[in-house]
Structure formats: C-alpha cells, structure tokens
Amino acid sequence: MSELQTQGTAVHRRACHLCEAICGLVIETRGAEIVSIRGDEQDPFSRGHICPKALGLKDIHEDPDRLRKPVKKVDGQWVETSWEDAIETACEGLFQVQKTHGSQAIGVYQGNPNVHNWGLMTHAANFLGLIKTKNRFSATSVDQLPLQLMGYWMYGHQLLIPIPDIDHTDYFLMLGANPIASNGSLMTVPDVAKRIKALQARGGKLIVIDPRRTETADVADHHHFIQPGTDAAFLFALINTIVEAKATRLGRLEEFTQGLQEALDSIAGITAEVASKVCGISADQIRAIALDFARAEKAVCYGRMGTCTQRHGTLCQWAMQLLNLITGNLDSVGGALVTQPAVDLLNAPGNKPGSYGRWASRVGQKSEVLGEFPSSLMAEEILTEGEGKIQAMVTVAGNPVLSTPNGQKLDQALESLKFMVSIDLYINETSRHADVILPTSGPLEHDHYDLIFNIFGVRNQAKYSAATMPRQEGLLHDWELFNKLAACYSAKLGTAPKPSFPPQMVLDMGLQMGPYGAQSTVGLSLEKLKAHPEGIDLGPLKPSFPARLMNESKIIQAAPEVVVTAAKAYVAELLQAVPPMPSPTLSLIGRRHVRSNNSWMHNSLRLVKGKNRCTLWIHPADAQALGLKEGDSAQVQSRVGRLTVPVEVTDGIMPGVVSLPHGWGHARAGVKQRVAVEHAGVSANDLTDDLYVDVVSGNAAVNGVSVTVSKG
Ligand SMILES: Nc1nc2c(c(=O)[nH]1)N[C@H]1C(S)=C(S)[C@@H](COP(=O)(O)OP(=O)(O)OC[C@H]3O[C@@H](n4cnc5c(=O)[nH]c(N)nc54)[C@H](O)[C@@H]3O)O[C@H]1N2
Ligand SMILES: Nc1nc2c(c(=O)[nH]1)N[C@H]1C(S)=C(S)[C@@H](COP(=O)(O)OP(=O)(O)OC[C@H]3O[C@@H](n4cnc5c(=O)[nH]c(N)nc54)[C@H](O)[C@@H]3O)O[C@H]1N2
Ligand code: SF4
Ligand SMILES: [Mo]
C-alpha cells in the first residue's frame, strides 16, 4: 500500500478526488492514523498545490457520523443490518415496485461524486442498467448540461469539450466562473492562481465577467459586472462587433465548418447598444472587449456555472464556441483545444456520444437530454398521479434535496415514495427519506484513477492512486456493492448478470489500448503508472481537428437547429425589449467558497468553523433601500419558497443582485451529521425554482432567480 515506510510511518501519494483539480497529495500515516496531508511538489500537474478541503479527507475518514454498516428503517428508526439483508431489502423493494408498476416507476438520481469515484464510473451501470427506466436524473442538469450538448451538437460527442489553453493564451475572457475558489471546472487546472500569474507575466490579460466581484475577479486585469442571465446578449454583441469590424479569421477551420453564416444571421441585430441595455456593460466596453479579443494573437472565451445554470445556458455555450471559432481560436494553441486523455472514454466501447429529444417526460412532455431528464422535473414526476408515476427512487452519491431547484417540493415528494434506496456515506437531507442506505468505503480506502477529469485537463496527464488506508471492516467499495446489487437484482429478474471486471483491469486495458498505450512510445500501462505514483505528464493540448471530431461528417456544425431557433427567439425578445424599469425584485445568484464542497463535507469542523459563510450578499444601495444593515436577518422570498438569512452588505456584488451559496440547510429533521447540523445554514435551493430552466436544455437556472428581500 505505501511506497516508503520509516519507523512506523508510511508516505503515500494520491490524487485528491474531491473537486475537478485532481491535485497530487502526499499523505503521511502511522498505523491507522493520518498524520499529515500536503501538496505533492513532484506531481507534474498540480506542482504542490492543494486547498483546505484536502485535509477534510482525514475528517471524512475518521468521521464517527459516517455510515460504516448498512442501515434500514424499521418503524421509523434506523437499525444496522447485515449486507446480505440490506442488499436483499433494497433489491426486493425495487423489484416489487417494478413488478407492480413497471420499470418507469423507478427513478434514479446520480449525484456529483459519481464522476469523482472511478468505481462508480465503471460499475454503477451494472446495476442501474437493469432498472430499465427512462426516469434517469443526475447532477449534470444542475450543472454543465448545455456544455455537453454543445460538444455533442457541434463536435459529435458530449465529452468533446474544448478546454481553455490557459498556459499559452494572451487574452482570457472568463464568464460566470470562479476558479480561484472552485479550482476550475471543465478546465481541470490545479494551481490556477499560478497559471493566471504566468499569463499576466507574459503580457496576457484576464477579463472576468461576473455579477459578483469574485476571488478570480480580484486577480483579473479587468472585471465587469453583468446582469445575471444576459451573457448570451453580451456574447452575441461581441460576435456581431467582430463581424462588423471584418475582424473574423477562421483560418484552417473554414474548410471544415458548416452553418456559420446561418448561425451569424440568427443573431444579427444584437449590437453592443442593444446588449448593453440588458447586460449593464457599456456599449463602448463591449466593443473594446470584442476588438481586443479579435486582435489578440491567442485568445480564449470560457464560461462555467454562471453561464450554464441560467435561463440562456445553451445559447451562452454556443455563442462562446462561435466566438472562439470566428477568431481562429478554436482548436488552436492558446485558444480552446480538446484533450487527448490516456484512457479515451470517448472511443470506449458502449460510450454514448449524446442524444436529444428521443422521448418526452410523462408530466410536462419535456425533452430527453443525453439519456436523462432534467433534475428539475424529478419532484413533479413523483408527485403527479397517473400511469408511469415514479413510486421508488435510487439515489447514488447525491443530495438532490439540497442541490436541485425547489428542494422543499422534492423533500415532500421523496417522503411520499413507496420505496427508496440511497447509496451514500451519510444520512443526509436526501438519504433520510430512504428505506435502506448502503454505505461504501471512504475515499482514502480505495484506489483511484480519474477517468473523467483527465478529459478536461489543461494538459494531458495520467496518475494512478493506490489505496492509502486499509478498508474499514465490513465496508464494500462502490464497485463491489454495485456488483452485488446487480447479482441480486438479476436473480430476481431471472437474468444472468453481465460479466464484470475490477476497475484496475478496466483501467489497464484502457491505458494499453489508448493513445499513449502499447502502440505508442510512451507505453502506458497500469504497471507503469504504479511505478510513477506522482503522475506522468503527457504534454500540452494540441490542435486535433478535424481528425478528432466525432461526428460522421468530421465537420464542425456551427448552427444546430434547436439552438438557432432559440437564438432567433431570444434575439426577437431583445430587439423588442423596452428599457428595464427599476425592478421590484432582486436577482438571486449562487456562490462557492474554497472551504465548502457542494452539499457535503459540512461535517468537517475544520472546514465549517469560523465566520458563518451561509449569508446573503447584498449591495449597499439595495441594503439601504430595504433598511438592512450588516448582520441583520433578511427574509428572502421567491415563487417557491421563503427563508431567513443573515445579510452581508458589500459592494462586491452588483446592485440589484443578491448571492447565497448552495448546499447548506442541514437543519432538516433526521440528518445524522452533528457538525453539519450545528452549522446548518439555509438551502438556496429552497428558493430556486423548478420551473425556471434553460430554454433549450431544461438545465436548472439556479442563477438569476427573481426574489424579494425584506427585513426579517
Ligand atoms: N443553487 C445552486 N444549486 C446547485 C449548484 C449551484 O451552484 N447553485 N451547483 C450544482 C452543481 S454544479 C452540482 S455538481 C450539484 C451537486 O449536488 P449533488 O449531486 O447532490 O452532489 P453533492 O452535493 O456533492 O452530494 C454528494 C453526496 O454524495 C456522497 N458521497 C461522496 N462521495 C461518495 C462516494 O465515494 N460514494 C458514495 N456512495 N457516496 C459519496 C456524500 O455523502 C453526499 O451525500 O449541486 C448543484 N446545485
Ligand atoms: N470550493 C469548492 N470548489 C468546487 C465546488 C464547491 O462546491 N466548492 N464545486 C465543484 C463543482 S460541482 C463545480 S460544477 C465547479 C463550479 O465551478 P465554477 O463555475 O468556477 O464556480 P462557481 O463559484 O459556481 O462560479 C460561478 C460564477 O458565476 C457567477 N454567475 C452567476 N450568475 C451569472 C450570470 O448570469 N452570468 C455570469 N457571467 N456569471 C454569473 C457567480 O457569481 C459565480 O462567481 O466547482 C467545483 N469546485
Ligand atoms: S483543489 Fe480540489 S483536488 Fe485540489 S486539494 Fe482542493 S479539493 Fe482536492
Ligand atoms: Mo458541479
């Protein structure tokens, strides 16, 4: 298990799996004790970077509140039970619902850690695939769904997403992302602060567009406030300015791009003046940004959560691709490039390039997207009577009560289910509704290879992490649990479970067959990775289009039909727009903090202690108008809910906008996490609205929600 053993202490190297940055860690242990966790200077990718959450790994490992045995509810009380009984109970409960009401009566939600835990990546489908339900939901549709759709529609695969080449660009235009706090998203970039400094040291510029002056805005060359939900208008104006100035240069992309004129025609008329009226950035500034972008030798436009989880998320992602494309920065060094990961999931057997509209949801007739339905639909599919109603749920490593819009409604919906199974480390706001909870081994107790986030790295790299700590007695790894569930459920269905291979074997095969594998001079294999626990650098991103395009035509599709239709509708709306009146409502957005991780890890005292971070940020002018002072309680109300929260008055937020972090609100009855309950906070998703979604994809628009605020 360890590489170095000295006087009872052992030193282990591993990748942190908690966020997308996959930082290299050096963990020192003595027996069963974790002595220290620090950044690995020898990791060629993260170069010693870590954040405070890495120490939270020790807390998760030792947490007395973490489940270490399966539990089931008996007369409303949790009782520990054997694995055999727990698996049988889970499968029998689901099977009865499937037998009586059909397979659509079972819903599945897969949360964010599914993509951070390779055992779940490789094995969850063995079991979940047996439940032949279309009612699949995941964190994707409260997150990056529009970006994946763009990969699918424009380049032929939902994972073929161009990544900003931060190490070589001269002009980085960043919208709705805060990598200094989030450590990067769909841009796996460990030490991002260092890379931004290097960009500036070589004369480059970082421009941040965000309704909040974020930690990233603080280190940027320029920051512009933008009215939430209006980035598409701003981006259309940038594109139109560049076209009008005849400053486009497609270069070699011209030969294999289709539909560009149609795309440009669909957004015509959105000038800097038109956009300025809605987005709040002056027309002169919009024009200056457009021309600076077009004239920079190497420029890249990138946008994350703020531009995905809003009303026009898909239009934003599309416009950013177009902007990079028309300025010659797509598939270009210093622009946006796709990766060449060591395990090429995009070409793996059985992978799914994408889909849209193959079927519709039962209640609202909403479109299927990438094999799922948007998570905003989950509650109504459970609550609305009729054939095909969801009667049972399986949640895997997720906490949708705190993470998806209108959490209160989902909370009620889950309580009304006939049966529910949760696979989770904790009894949290979601799993408390389950009939049986199946816990799995903690993060340090199993090995790891990042199958997903290496696809989004700012460099190509590979790293295998052996287990750091022995598995705690009686626990199964996620992949083992899924195999057992698959065996049990198959038996009930009267089918044979599919053959399954351990993750290590799948990885070794993937590495050897991959682009740096047996056929290449690098000769990557699991054995080779094991010999380099600090990780192996596989070089910078390189231009690879059209060869790497994954659609049949090998042509970039600049004008996906659904998107062009939506663009035209938005353009018509913008051209008609009367100048905004002073609005009686404020616009609610989210916020991430480096010491917090979505809806969990709040049971780590070292991460949550200190100043309360679950506060409502409000601009001094709005605070004054509402009679609110720093530290006052405010009542915040939206269409779906109301809550009370302390305010922080700061000019770090745009006038007319308020910000509340998500993932808090642990005071709900029955949550078994003592520290988290004590530092409960409130849930932003008790305010976000399940009907407020991205027009094209149905992605949750958790940013830009209309709220009223009053002293309370
Ligand atoms: N308002 C608002 N809402 C948001 C967001 C926002 O910005 N604003 N962000 C959205 C985003 S981007 C995301 S990704 C979602 C995330 O929301 P979710 O999908 O709900 O994911 P998490 O909050 O990370 O919940 C993680 C759960 O998985 C469990 N877990 C952790 N590791 C493991 C493991 O290895 N195995 C198992 N079995 N369980 C594990 C934890 O105990 C925890 O209960 O929230 C979304 N919701
Ligand atoms: N510390 C920490 N790190 C994390 C996470 C965490 O919870 N904590 N979560 C991880 C996950 S799951 C994800 S998906 C990533 C997210 O990574 P990021 O997207 O980099 O992080 P966010 O803080 O959500 O940044 C979104 C920004 O969008 C802004 N914004 C809101 N609405 C709008 C809008 O309409 N337009 C524009 N231009 N901006 C807007 C917000 O003010 C915010 O600064 O972070 C990951 N890393
Ligand atoms: S930045 Fe992310 S990957 Fe790096 S140590 Fe922090 S949580 Fe772990
Ligand atoms: Mo996310």
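Please read all numbers here as calculations on a predicted model, not as lab measurements. (Residues numbered from 1 in each chain as written. Chains lettered and ligands numbered in written order. Predicted model: local features only at pLDDT ≥ 70, side-chain atom pairs only at ≥ 80, totals over all residues. Heavy atoms only, no water.)

## Some details on the site of ligand 2
Put simply, the rule is: Nearness is defined per residue: one heavy atom within 4 Å of the molecule or strand is enough. Residues adjacent in sequence count toward polar contacts only when both atoms are side-chain atoms; beyond that, a polar contact is any pair of N or O atoms within 3.5 Å, and within protein one must be able to donate a hydrogen and the other to accept it. Secondary structure is summarised from DSSP: a helix means a run of H or I of at least four residues, a strand means a run of E of at least two, and numbering begins at the N terminus for each. Put simply, Ala, Val, Leu, Ile, Met, Phe, Trp, Tyr, Cys and Pro go in the nonpolar bin, Asp, Glu, Lys and Arg in the charged bin, and everything else, Gly too, in the polar bin.
Contacts to ligand 2 come from 31 residues, most closely from Asp-210, Gly-229, Asp-231, Arg-592 and Ser-596. Contacts to ligand 2 include Lys-53, whose side-chain N or O atom sits 3.1 Å from a nitrogen atom. Interatomic distance of 2.8 Å between a backbone N/O atom of Asn-598 and an oxygen atom of ligand 2. With three residues, helix 5 (residues 179–182) is the single largest residue contributor to the shell around ligand 2. Here the shell around ligand 2 is composed, by residue class, of ten nonpolar, 14 polar and seven charged.

## Section: the domain arrangement of the chain
Which entries qualify depends on this criterion: Domain start and stop points were drawn from an automatic or database domain assignment. Contact between two residues is taken to exist if any of their heavy atoms lie within 4.5 Å; hydrogens are not considered. Salt-bridge detection follows one rule: a side-chain nitrogen of Lys or Arg within 4 Å of a carboxyl oxygen of Asp or Glu.
What the domain assignment reports for the chain is domain 1 (71–143 + 353–445 + 475–502), domain 2 (145–341 + 549–570) and domain 3 (581–711). Here domain 1 and domain 2 have C-alpha centroids that lie 35 Å from each other. Every contact between the two is made by ten residues of domain 1 and, on the other side, 14 residues of domain 2. Seen at the junction of domain 1 and domain 2, the total is one salt bridge. There are four residue pairs in polar contact (both at pLDDT 80 or more) connecting domain 1 and domain 2. Broken down by class, the residue content of the side of domain 1 that touches domain 2 amounts to five nonpolar, four polar and one charged.

## Digging into the side chain of Ser-525
Operational definition: Here's how the labels work: a residue is buried when its accessible area is under 20% of the maximum for its type, exposed when over 50%, partly exposed in between, all with a 1.4 Å probe on protein chains only.
Among the structural elements, Ser-525 can be located in the loop between helix 18 (503–513) and helix 19 (526–531). A relative accessible area of 14% means that Ser-525 is categorised as buried. If sequence neighbours within four positions are ignored, Ser-525 has contacts with Asp-508, Leu-511 and Gln-512.

## Comments concerning the environment of Ala-413
Tracing the backbone through its elements, the reader meets Ala-413 in helix 16 (residues 407–415). Take Ala-413: its relative accessible area is 0%, and that puts it in the buried class. Note: C-alpha distance between Ala-413 and Val-401 (twelve residues apart in sequence) is 9.9 Å. Not counting the four nearest positions on each side in its chain, Ala-413 is found in contact with Ala-379, Ile-382 and Leu-383.

## Concerning the environment of Gln-408
Tracing the chain through its elements places Gln-408 in helix 16. Among the residues examined, Gln-408 registers a relative accessible area of 35% and is labelled partly exposed. Sequence separation between Gln-408 and Val-640 is 232 residues, and the spatial gap between their C-alpha atoms is 8.6 Å. Discounting chain neighbours no more than four positions away, the residues touching Gln-408 are Arg-668 and Asp-686.

## Notes on the sheet that holds strand 7 (residues 106–110)
What counts, and what does not: Following DSSP output, two strands are said to pair if at least two bridges run between them. Lines fitted to C-alpha atoms define the axes, with helix axes restricted to the stretch in contact, and inter-axis angles between N-to-C directions lie between 0 and 180 degrees.
If you walk across this open sheet you meet the seven strands as 6-5-20-19-18-7-8, and the pairing is mixed. Every interior strand has two partners, whereas the edge strands, strand 6 (77–80) and strand 8 (136–138), have only one. When strand polarity is set aside, the average angle formed by the axes of neighbouring strands in this sheet is 20°. Looking at chain direction, strand 7 and strand 18 (residues 392–396) are connected through five bridges and run parallel.

## Some thoughts on a nonpolar patch on the surface
Here is the rule we go by: Residues form patches when they are more than 30% accessible in relative terms and have no salt bridge. Like charges link within 9 Å. Nonpolar side chains (Val, Leu, Ile, Met, Phe, Trp, Tyr) link within 5 Å. Working definition of accessibility: Shrake-Rupley area with a 1.4 Å probe, residue cover restricted to the visible protein chains.
A contiguous nonpolar surface patch, about 260 Å² in accessible area, is contributed by Phe-501, Met-505 and Val-506. As for its position among the elements, Phe-501 is in the loop between helix 17 (478–493) and helix 18. Take Phe-501: its relative accessible area is 46%, and that puts it in the partly exposed class.

## Some thoughts on the packing of helix 3 (residues 118–128) against helix 17
Heads up, the condition is: Should an angle lie under 35 degrees it is considered roughly parallel, over 145 roughly antiparallel, and from 65 to 115 roughly perpendicular; all remaining angles are considered oblique.
Helix 17 packs onto helix 3 with a crossing angle of 10° between their chain directions and a minimal axis gap of 8 Å. Here helix 17 runs roughly parallel to helix 3, going by the angle between their axes. Residues Gly-119, Leu-120, His-123, Ala-124, Asn-126, Phe-127 and Leu-128 of helix 3 lie in contact with helix 17, whose contacting residues are Asp-478, Trp-479, Phe-482, Asn-483, Leu-485, Ala-486 and Tyr-489. Taken together, the residues that form the contact of helix 3 with helix 17 break down as nine nonpolar, four polar and one charged.

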